[in-house]
Amino acid sequence: MLGVFLAALSAATFAFNNASARRGVLTGSVSQALAITVPIGVPIFFLAALATGTLGTLARFSGEAIGLLALAGVLHFVVGRYGNFRAAQAIGAILSGPVIQLSLAVTLVLAIFVLKEPLTPLRILGIALLALGPALMRNAEVSAADAPAKALGLPKFVPRHAEGYAFALVAALAYGVTPFLIRLAVIRGDLGSGIAGGLISYGAGTVAVALLMLWPGQLRHSRAVTPESLKWFTVSGISVCMAQMFIYMAYAVAPISVVTPILQLQHAFRFMFARMLNPHHEIFGGRMMLGTALSLLGAVAISLDIELLLSLGTLPESVAAFARWHWP
């Protein structure tokens, strides 16, 4: 029960992070977002490692594991987050979310072809639903939320589809590869390894951001962030760190087959927080809800253990045999 609660808490925190980051990029830039949200993770993970007595775990990592965790940090916290923020800035968090959720399919493909995990009918269904969700949302129109926006004198939100989908796919690829790298690095670790590994990844991401700040004009631009954007980027940086903490704890006390489907509740929470924080800067409506629901079902289908499902009820032998089919 504790694992379920922590996974749901992580889902809600991830969703809040998406909404707060979206609010920040309304008036700030993506480079400003990276300069704030990535470095803030280092002291948070350091304090967590210090409080839990897991700092000593750092010395037990091999050079290969440190390299994998560092690469994961750059891909996830810099490349993936940049793509995520650019996509949110262009088309909103609601529209970009299901596209970024394709990261689950990327992770699954790597698991099948590298780790030799099986491809099952349930996973095939999940991949199809993950692809169908964004396709349904492709031509979604701005909803009636623009009416109050006009009344308030706010500019109409016009999504830039090509830019948004391109960067959402960049984020999906980066987010899909990093769990594979982290799994290889801490494959026989525990919660302490996860927290220490997160510190390494955030440290590597911070170094990458610092190098980006050496580009002419970038540091000056990042320091010119407005107070409004600074507030929301800070909130986003803290919330995403807390979400990572919650999910590490959930994996420590509950099976992945239980935690991962519950984590997909962030899609539902994303709608709620988007309505609260960005009602005039997102796309809502029936097509959006249907696309998000299909992506959620696809994510759950990929994550569920078929034996767990079959144990919940009695199915005809032919159906059970088909459900147990796998390749290779």
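Data block above holds the structure.
Before going into details, it helps to say that this report is about the structure given with it.

Definitions and cut-offs
- Residues numbered from 1 in each chain as written.
- Predicted model: local features only at pLDDT ≥ 70, side-chain atom pairs only at ≥ 80, totals over all residues.
- Heavy atoms only, no water.
- Buried < 20%, exposed > 50% of the residue type's maximum accessible area, 1.4 Å probe, protein only.
- Helix = DSSP H or I, 4+ residues; strand = E, 2+ residues; numbered from the N terminus.
- Axes fitted to C-alpha atoms, helices over the stretch in contact; angles between N-to-C directions.
- Parallel < 35°, antiparallel > 145°, perpendicular 65-115°, else oblique.
- Left-handed = near helix turned anticlockwise from the far one by under 90°.
- Nonpolar A, V, L, I, M, F, W, Y, C, P; charged D, E, K, R; others polar.
- Patch = residues over 30% accessible without salt bridge, like charges linked within 9 Å, V, L, I, M, F, W, Y side chains within 5 Å.
- Areas by Shrake-Rupley, 256 points an atom, 1.4 Å probe, with all protein chains shown as cover.
- Salt bridge = Lys/Arg side-chain N within 4 Å of Asp/Glu carboxyl O.
- Phe/Tyr/Trp six-rings, centres within 6.5 Å; stacked < 30°, edge-to-face > 60°.
- Core = buried A, V, L, I, M, F, W, Y, C linked by side-chain atoms within 4.5 Å.
- Polar contact = N/O pair within 3.5 Å; in protein donor to acceptor, adjacent residues only side chain to side chain.
- Contact = heavy atoms within 4.5 Å.

Here the focus is helix α5 (residues 93-100). Counting buried residues along α5, eight of its eight residues qualify, which places the element largely inside the surrounding structure. Looking at α5, one finds that the buried residues are A93, I94, L95, S96, G97, P98, V99 and I100.

Moving on, we get to the packing of helix α4 (residues 63-91) against helix α9 (residues 161-185). Interhelical geometry of α4 versus α9 gives an angle of 160 degrees and a closest axis separation of 7 Å. The angle between α4 and α9 places the two elements in the roughly antiparallel class. Crossing handedness for the pair α4 and α9: left-handed. The class makeup of the residues in the contact of α4 with α9 is 23 nonpolar, seven polar and three charged.

A few words now on a nonpolar patch on the surface. A cluster of nonpolar side chains, contributed by V109, F113, V114, I124, W325 and W327, occupies part of the molecular surface with about 590 Å² of accessible area. Positionally, I124 belongs in helix α7 (residues 121-137).

In the structure shown here, the tally under the stated rule is four aromatic pairs. A ring pair is formed by F45 and Y202, whose centres lie 5.1 Å apart and whose planes are at 35 degrees; its orientation type is tilted. Here Y202 lies in helix α10 (residues 191-212) and F45 lies in helix α3 (residues 41-52), a separation of 157 residues in the sequence. The two residues F45 and Y202 agree in class, both being buried. Between the aromatic rings of Y82 and F167, the centroid separation amounts to 5.8 Å while the plane-to-plane angle is 70 degrees, which identifies the pairing as edge-to-face. Highlighted residues: Y82 in helix α4 and F167 in helix α9, separated in sequence by 85 residues. Three or more aromatic residues joined by ring pairs make a cluster, and in this case those are F45, F77 and Y202.

What follows concerns the nonpolar core. Grouped together as the largest cluster of nonpolar side chains are 26 residues, with contacts concentrated most on F45 and Y202. At the level of secondary structure, the elements contributing two or more residues to this core comprise α1 (2-24), α3, α4, α10 and α12 (227-253). In terms of residue count, the dominant contributor to this core is α12 (seven residues). By size, the runner-up hydrophobic cluster in this structure holds 21 residues, among which are L95, L102, F167 and Y175.

Assignment of secondary structure puts S31 in helix α2 (residues 30-37). Among the polar contacts listed, one links the side chain of S31 to the side chain of S29, at a separation of 3.1 Å. Beyond its immediate stretch of four places on either side in the chain, S31 contacts M213, Q218, H221 and S222.

The contact between α5 and α9 brings their axes to 8 Å, and the two run at 40 degrees. As judged from the angle between their axes, α5 and α9 are oblique. As for the relative orientation of α5 and α9, their crossing is right-handed in sense. Of the residues in α9, those in contact with L95, S96, V99 and I100 of α5 are H161, Y165, A168, L169, A171, A172 and Y175. Here the contact of α5 with α9 is composed, by residue class, of nine nonpolar, two polar and no charged.

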